Amino acid sequence: MSFNTSPSNAAEYAWEKDDVFGRIASRYDLLCDMFSCGIHRLWKRRVAQRIASEPWNTLIDGATGTGDIILRLLPILSAQGRTMIAADISPKMLAIAERRLDRFAETVKLCQLDAENMSSIADNSVDAYSLSLVLKICDRQRVLREALRILKPGGRLIVLEASNIRIGLLHRAYLRYMSICMPALGWLATGGDASAYRYLLQGIRDFPTAEALATEMTQLGFTEVAFERLSLGIVAIHSARKPAA
Ligand SMILES: C[S@@+](CC[C@H](N)C(=O)[O-])C[C@H]1O[C@@H](n2cnc3c(N)ncnc32)[C@H](O)[C@@H]1O
């Protein structure tokens, strides 16, 4: 199935060709604070609340990065009887997640997984699947199809991603601000690694609107697709359900 919206990989990023997250892993948390002025912490807290409000026993946090979502989730729910997997494609990001999640080692498993092809995860095996700030740097249709495959019927998908401010003038001003600040801050924080912020900028600019992403999810076969804009729409949290059997 194809869509007449933005390309399926908004940032045209492929981890096989450029291990940018491996290179910036040790500075990733600092970069997140710098690029979002710390606001990503509120977005991720909201994602964790949304996950905690769902009934589930098995959760995968895909593209977990340094484990931020799981770290915010653990204090607000009882881990008893639950299986949590923090997965990412980058061994260096996973190494940091492992260190940060060390005290929860009995509860959280770490796993190297490509969100576009999770062949080691069985069909219909996961109650909840979360993805934060990764859909714009992946082939999102492949990622969403994989989500649909691994989720149990009735299972929940929760996605945090860049979105669109509905007031056009404000959105353009935001993109302008990002196109000036990101290169400057990114260059300083990464010691001159241009690709790190180039992907993110392109991904933010070319990612579909919240409405268009919701339509894509529905066309792929998800039900109960809904979204919540945060920070005027700079990001949105989409939630969707795999249809019950
Ligand atoms: C912008 S970071 C987001 C990390 C974390 N979810 C957060 O919100 O802080 C993107 C992450 O996606 C991972 N990633 C990129 N492509 C991936 C893929 N195909 N499968 C799994 N992880 C991927 C990167 O290694 C990186 O850790």
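Residues numbered from 1 in each chain as written. Predicted model: local features only at pLDDT ≥ 70, side-chain atom pairs only at ≥ 80, totals over all residues. Heavy atoms only, no water.

## With respect to the pattern of salt bridges
Rule in force here: A pair is scored as a salt bridge if a Lys or Arg side-chain nitrogen falls within 4 Å of a carboxyl oxygen belonging to Asp or Glu. Think of it this way: any DSSP run of H or I at least four residues long counts as a helix, any run of E at least two long counts as a strand, and we number them from the N terminus.
Applying the stated criterion across every chain, the model contains 18 salt bridges. Among the ionic pairs, E54 bridges to R156, the shortest N-O distance being 3.1 Å. Taken together, the positions of E54 in the loop between α3 (40–52) and β1 (58–62) and R156 in strand β5 (residues 151–162) put the pair 102 residues apart, joining distant regions of the chain.

## Some thoughts on the environment of A87
Filter applied, for reference: Exposure classes here rest on a 1.4 Å probe applied to the protein chains alone. A residue is buried below 20% of its type maximum, exposed above 50%, and partly exposed in between. Pairs of residues are marked as contacts when any of their non-hydrogen atoms sit within 4.5 Å.
Mapping A87 onto the fold places it in strand β2 (residues 83–88). For A87, a relative accessible area of 2% corresponds to the buried category. Along the chain, A87 and I150 lie 63 residues apart, while their C-alpha atoms are 14 Å from each other. When sequence neighbours within four positions are dropped, the list of residues in contact with A87 reads I60, D61, G62, A63, T64, L94, C111 and L113.

## Comments concerning the site of the ligand
The line we're drawing: The nearness test applies per residue and asks whether one of its heavy atoms lies within 4 Å of the molecule or strand. Polar contact is the term for a pair of N or O atoms within 3.5 Å; when the atoms are in protein, one must be able to donate a hydrogen and the other to accept it, and sequence-neighboring residues count only if both atoms are side-chain atoms. Per-residue accessibility takes into account occlusion by the displayed protein chains alone, with areas from the Shrake-Rupley method and a 1.4 Å probe. Residue classes follow a fixed rule: Ala, Val, Leu, Ile, Met, Phe, Trp, Tyr, Cys and Pro count as nonpolar, while Asp, Glu, Lys and Arg count as charged, and any other residue, Gly among them, counts as polar.
Around the ligand lies a shell of 19 residues, among which K44, A63, D88, D114 and A115 are the nearest. Between S132 and the ligand, the recorded distance is 2.9 Å, taken from a backbone N or O atom to a nitrogen atom. Look at the ligand: alone it shows 590 Å² of surface, and the protein chains cover 98% of it. By residue class, the composition of the shell around the ligand is twelve nonpolar, four polar and three charged.

## Digging into the packing of helix α6 (residues 140–150) against helix α9 (residues 210–220)
Using the following cut-off: Axes, fitted as lines to C-alpha atoms, cover a helix only where it is in contact. Angles between the N-to-C directions of the axes lie from 0 to 180 degrees. For classification purposes, an angle smaller than 35 degrees is called roughly parallel, one larger than 145 roughly antiparallel, one from 65 to 115 roughly perpendicular, and anything else oblique. We call a crossing left-handed when the near helix sits turned anticlockwise from the far one by less than a right angle, and right-handed when that turn is clockwise.
Remark: α6 packs on α9, axes separated minimally by 10 Å, with the N-to-C direction vectors making an angle of 50°. By the criterion of interaxial angle, the relationship of α6 to α9 is oblique. For the element pair α6 and α9, the recorded crossing hand is right-handed. Within the contact between the two elements, α6 uses R140, Q141, L144, R145 and L148 and α9 uses L213, E216, M217 and L220. Residue classes in the contact of α6 with α9 are distributed as five nonpolar, one polar and three charged.

## Considering α9
Looking only at α9, the buried set comprises A210, A212, L213, A214, E216, M217 and L220. On its buried face, α9 is in contact with α6, β5, β6 (223–230) and β7 (235–241). Two residues or fewer past α9, G221 is found with a positive phi of approximately 125°.

## Considering the sheet that holds strand β3 (residues 108–112)
To be explicit about the condition: Only when DSSP finds a minimum of two bridges between them are two strands counted as paired.
The seven strands lie next to each other as β3-β2-β1-β4-β5-β7-β6, forming an open sheet whose pairing is mixed. In this open sheet, the two strands that pair with only one neighbour each are β3 and β6. On average, each strand axis in the sheet is tilted by 15° relative to the strand beside it, whichever way the strands run. Where β6 meets β7, six bridges bridge the pair, whose relative direction is antiparallel. What sits directly across from E228, in β7, is I237. Where helix α5 (residues 91–100) meets the sheet, its contacts fall on β2 and β3, and the angle it forms with β3 comes to roughly 170°.

## Quick look at the state of the cysteines
Counted only if it meets this: Disulfides are defined as pairs of cysteine sulfur atoms found within 2.5 Å of each other.
The final tally for this structure, using the stated rule, is zero disulfides. Take C32: it sits in no disulfide, and the sulfur closest to it among the cysteines is that of C37, at 12 Å. Residue C111 stays outside any disulfide, its sulfur separated by 15 Å from that of C138, the closest cysteine. Under the relative-accessibility criterion, C111 is labelled partly exposed at 23%.

## Examining the pairing of β3
Our working definition: Handedness of a crossover: with both strands directed away from the viewer, a clockwise path from the first strand across the helix to the second marks it as right-handed.
Pairing of β2 with β3, which is carried by five bridges, proceeds in the parallel orientation. Each bridged residue has a counterpart across the sheet, and for D88 the counterpart in β3 is Q112. The parallel pair β2 and β3 is bridged by α5, and the resulting crossover is right-handed.

Function-wise, these values are silent; they only describe arrangement.
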